[in-house]
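Residue strings, one per chain:
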Amino acid sequence: MPLDAQRVPWRWLATGRASRRLVLVVVFVALLLDNMLLTVVVPIVPTFLYATEYEGANRSLAPAWTETAPPALKPPFSSVFSYFDNTTVTVSVSGSASTSELVNRTERSPPPQPPTSSPPPLSSCLEGEEFLAKENVRVGLLFASKALVQLVVNPSVGLLTNRIGYHIPMFIGFVIMFLSTVMFAFSGTYTLLFIARALQGIGSSFSSVAGLGMLASVYTDDVERGNAMGIALGGLALGVLIGAPFGSVMYQLVGKSSPFLVLAFLALLDGALQLCILQPSKISPESTRGTPVFTLLRDPYILVAAGALCFSNMGVAMLEPTLPIWMMQTMCSPKWQLGMAFLPASISYLIGTNLFGILANKMGRWLCSLIGMAVVGISLLCVPLAKNIYGLIGPNGGLGFAIGMVDSSMMPIMGYLVDLRHTSVYGNVYAIADVAFCMGFAVGPSTGGAIVRAIGFPWLMVIIGVINIAYAPLCWYLRNPPAKEEKIAILSQECPMQTKCYTTQNTLREFPLADDSDVEAESVE
C-alpha cells in the first residue's frame, strides 16, 4: 500500500479533531442516548411492576378461587336454548320449566355460550386501584432518583471540567451510561431498577455538563452558540421523541430487555466516536480560572434563567410517572398507548428547539422564554380534560413546543451571562443549568405521585400549570442584563456600537482537538 494511502485516515482524523462540527455531533449523540434512556423506561416501569408484583402475587390465589367458585355460584335455575323456535327456557334444578323468554336473534348469531366459572370483569381497566395509587409514589421516586443523584454530582463535575478539561469527563459519562443501560436490561426487581436509574444520573451528569461546556467553549460567538445549542438540544429532543414510543412497542412485542440492549449497542458506537474525535486520555485544563459556583449562584439573572429551566421542565417531569397510571385507570389504555401519549410532546419539542434556536436571538430570548412558560402552564391545565389518547395530542403538543422555546433560549443565555458578567469559563454555569433541569425532574416525579394520591391527577396539573404562568413575567428581567464593571470596559473598547456584542477575557483557540505535535507533523509533511 502506498505511503500516502496509509496517511489518508490519519489526516482525516486530525482534521476531524480540529472540526467544531464533529464536536457538535459527539455532544448531539451523547444527549440523544442519555434522553432515550431517560424516557424509554416511562411506559415500561409502571406496567412491569404491575405485572411482576400485583399480578404475580394474585396469580397464586387464582386456582383456589376457581375451584371453590362453582358451588357457591350454583343457581337454582339454569337456562336452556331451544334451536327449534329460538327461545330460551329457564328450567329448575329438578327439571320442570318455569318461564320462557323470546330472544331476538338473527340466523347468523351464534348460540349463547355456557356460563363460565368466573364472573366477567366489569371493564377492561386494570384491577387493583389501591396498588396503582401506591405505585404512583414508588414510580415517581424511581424516576426522581436519577435527577436527585445528578443534582448532587453536577457541581463536582463542573469543578472537574475546569481542572482537567471536557474530554475525560465526557468519556466517563459514556462508560457509566453503558453500565446503567445493561443493568436496566437485566433488572427484575424494584430495587435493582432504582439502582440502575440512580447510576444513570451519575453518567448523565458527566455527559451533559461536559458536553454543553465544550460547545460553549468552541462556539464563542453568541449567534453561533445559540444555533449550536439548538442543534444539541435537538439531540435531547430526538431522544425524548423516540424513547417512550420505542420502549412501549419493543416491550409489548419483544420483551423488557430488548430496548435496553439496543441502547447499549448504540452507546458502544458513541464511545468509539468519542475515542476517535475527543481523545479522552488528554488532560486540557482551562487557561483561566472559572468563576466559583457560589458566586454564580448569587447572580440574580442566572437564578432567573435557572428557575425558568426548572419550572418549565417540572411539568413534563410530573407527567412521566403519573400520566401512564392515570391513563390505565381512566382510559383503560393498552401498553403501547402509554408511550405513544408522549409522542406529540416529543415531536413538538424537536421542532421547537430547532426553530427557536435561530428565531429566539431575533425576537429576543427573554420574550421567547416568557411566552414559552405561559404556554407550558396553559397546556398543563388542559391535560386533565382529555377523555382518550387523542385528547392528549393538543395539550402534550403545546407542552413540548413551549418547553423547546424555553430550553433553546435559556441555554445560550446562560453562556451569554457568564461572558457578560463573569469569567468566560463555562463548566460551572452549565453545571448550574443542569442542576436546574434536574431540580425539575427530581421534585416533579417525587412530589407528583404523592400529590396525585392525596388530591388527584387533575389538581396536580392545575398546581404546576399555575406556577409556570406565575413565573413567566420574571423572564422580563433577562431583557437587558447589565455587565460587570470590568466587562463594560472591554465591551466599550472591542465593540462600542453593539450592545449585545461581547468578547472573552482570554484569547480562545480554534479548538484543535489534536495534539500540537500532530498538527506540526502534518505541516511538515
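The chain goes by VMAT1 protein in an unreviewed UniProt entry, where it is assigned to Atlantisia rogersi. In UniProt, the chain has this text filed under Sequence similarities (unreviewed entry): "Belongs to the major facilitator superfamily. Vesicular transporter family."

Student: Where do I start with the overall build of the chain in this structure?
Tutor: When its secondary structure is counted, the chain shows 19 helices and 3 strands. Looking at the chain as a whole, 51% of its 525 residues are labelled buried. The long-range share in the chain, meaning contacts at least 24 apart out of those at least 6 apart in sequence, stands at 83%. When the accessible area of the chain is evaluated, it comes to approximately 24,000 Å², of which 66% is carbon and sulfur surface.

Student: Before we go on, may I ask you to explain the packing of aromatic side chains in this structure?
Tutor: What characterises a pair of aromatic rings is the spacing of the ring centres plus the angle enclosed by the ring planes. Counted under the stated rule, the structure contains 7 aromatic pairs. Ring geometry for Tyr190 versus Phe194: centroids 6.3 Å apart, planes at 40 degrees, classification tilted. On the criterion of helical spacing, the pair formed by Tyr190 and Phe194 is a turn pair, its members being 4 residues apart in helix 7 (residues 190–218). Owing to a relative accessible area of 17%, Tyr190 belongs among the buried residues under this scheme. Against the face of Tyr190 rests Arg138, its NZ or CZ located 4.3 Å from the ring centre. Over the aromatic face of Phe48 sits the side chain of Lys256, whose NZ or CZ is 5.3 Å from the ring centroid.

Student: Can you walk me through the packing of helix 2 (residues 20–40) against helix 7 in this structure?
Tutor: Any two packed helices are characterised by how steeply their axes cross, that is the angle between the axes, and by the distance between the axes. Orientation of helix 2 relative to helix 7, taken along the N-to-C sense of each, is 155 degrees, at an axis distance of 10 Å. When the interaxial angle is binned, helix 2 and helix 7 end up roughly antiparallel. Crossing angle aside, the handedness with which helix 2 passes helix 7 is left-handed. Here Arg20, Val23, Leu24, Val27, Leu31, Asp34, Leu37 and Leu38 of helix 2 come into contact with helix 7, specifically with Arg197, Gln200, Ser204, Ser208, Gly211, Met214, Leu215 and Val218. The class makeup of the residues in the contact of helix 2 with helix 7 is 9 nonpolar, 4 polar and 3 charged.

Student: Which parts of the structure should I look at to understand the packing of helix 11 (residues 300–330) against helix 16 (residues 427–455)?
Tutor: The N-to-C vectors of helix 11 and helix 16 enclose an angle of 35 degrees; their axes lie 7 Å apart at closest approach. As helix 11 runs across helix 16, the sense of the crossing is right-handed.

Student: Explanation requested: the side chain of Asp299 in the structure shown.
Tutor: Looking at where Asp299 falls in the secondary structure, it is placed in the loop between helix 10 (293–297) and helix 11. Judged by its relative accessible area of 2%, Asp299 is buried. Side-chain polar atoms of Asp299 contact the backbone nitrogen of Tyr301, separated by 3.0 Å. Setting aside residues up to four positions removed in sequence, Asp299 forms contacts with Arg421 and His422.

Student: Explain the side chain of Lys146 to me, please; I cannot follow it from the model alone.
Tutor: Among the structural elements, Lys146 can be located in helix 5 (residues 129–164). The side chain of Lys146 sits in the buried core without any salt bridge; Asp34 is the nearest counter-charge, 4.3 Å away. A distance of 3.3 Å separates a polar atom in the side chain of Lys146 from a polar atom in the side chain of Ser204. Excluding residues within four positions of it along the chain, Lys146 makes contact with Asp34, Leu38, Arg197, Ala198, Gln200, Gly201 and Ser204.

Student: How should empty space enclosed by the protein be read in this particular structure?
Tutor: Remark: the empty space left among the atoms is shown by a probe the size of a water molecule rolled over them. Summed over all chains, the structure comprises 5 cavities of 30 Å³ or more. Approximately 230 Å³ is the volume attributed to the largest cavity. Where the lining of the largest cavity is concerned, the elements lending two or more residues are helix 2, helix 8 (222–253), helix 11, helix 13 (343–363), helix 15 (393–421) and helix 16. Of the residues belonging to the lining of the largest cavity, the class tally is 13 nonpolar, 5 polar and 2 charged. Each pocket or cavity is described by its volume, and for the second largest cavity that value is around 130 Å³. Leu31, Ser208, Leu236, Asp434 and Phe437 are, among the 14 residues lining the second largest cavity, the residues nearest its centre.

Student: Got a minute to help me understand helix 17 (residues 457–471) in this structure?
Tutor: Its 15 residues place the ends of helix 17 22 Å apart at the C-alpha level, agreeing with the 21 Å of an ideal helix rising 1.5 Å per residue. For helix 17, the complete set of buried residues consists of Phe457, Leu460, Met461, Ile464, Gly465, Asn468 and Tyr471. Projected onto a plane normal to the axis of helix 17, the buried residues spread over an arc of 130 degrees and lie on a single side. In helix 17, the exposed positions angled more than 90 degrees off the buried face are occupied by Trp459 and Ala470. Buried residues along helix 17 sit against helix 11, helix 14 (365–382) and helix 16.

Rules used throughout
- Residues numbered from 1 in each chain as written.
- Predicted model: local features only at pLDDT ≥ 70, side-chain atom pairs only at ≥ 80, totals over all residues.
- Heavy atoms only, no water.
- UniProt positions renumbered as here; feature names shortened; annotations may be inferred.
- Helix = DSSP H or I, 4+ residues; strand = E, 2+ residues; numbered from the N terminus.
- Buried < 20%, exposed > 50% of the residue type's maximum accessible area, 1.4 Å probe, protein only.
- Contact = heavy atoms within 4.5 Å.
- Areas by Shrake-Rupley, 256 points an atom, 1.4 Å probe, with all protein chains shown as cover.
- Phe/Tyr/Trp six-rings, centres within 6.5 Å; stacked < 30°, edge-to-face > 60°.
- Lys NZ or Arg CZ within 6 Å of the ring centre and 35° of its normal.
- Axes fitted to C-alpha atoms, helices over the stretch in contact; angles between N-to-C directions.
- Parallel < 35°, antiparallel > 145°, perpendicular 65-115°, else oblique.
- Left-handed = near helix turned anticlockwise from the far one by under 90°.
- Nonpolar A, V, L, I, M, F, W, Y, C, P; charged D, E, K, R; others polar.
- Polar contact = N/O pair within 3.5 Å; in protein donor to acceptor, adjacent residues only side chain to side chain.
- Lys, Arg positive; Asp, Glu negative; His and termini not counted.
- Salt bridge = Lys/Arg side-chain N within 4 Å of Asp/Glu carboxyl O.
- 1 Å grid on protein atoms, 1.4 Å probe; cavity = no way out; pocket = protein on both sides within 12 Å on 5 of 7 lines; lining within 4 Å.
- Points joined across faces, edges and corners; volume = space filled by probe spheres on them.
- Expected span 1.5 Å × (residues − 1).
- Arc of directions from axis to C-beta.

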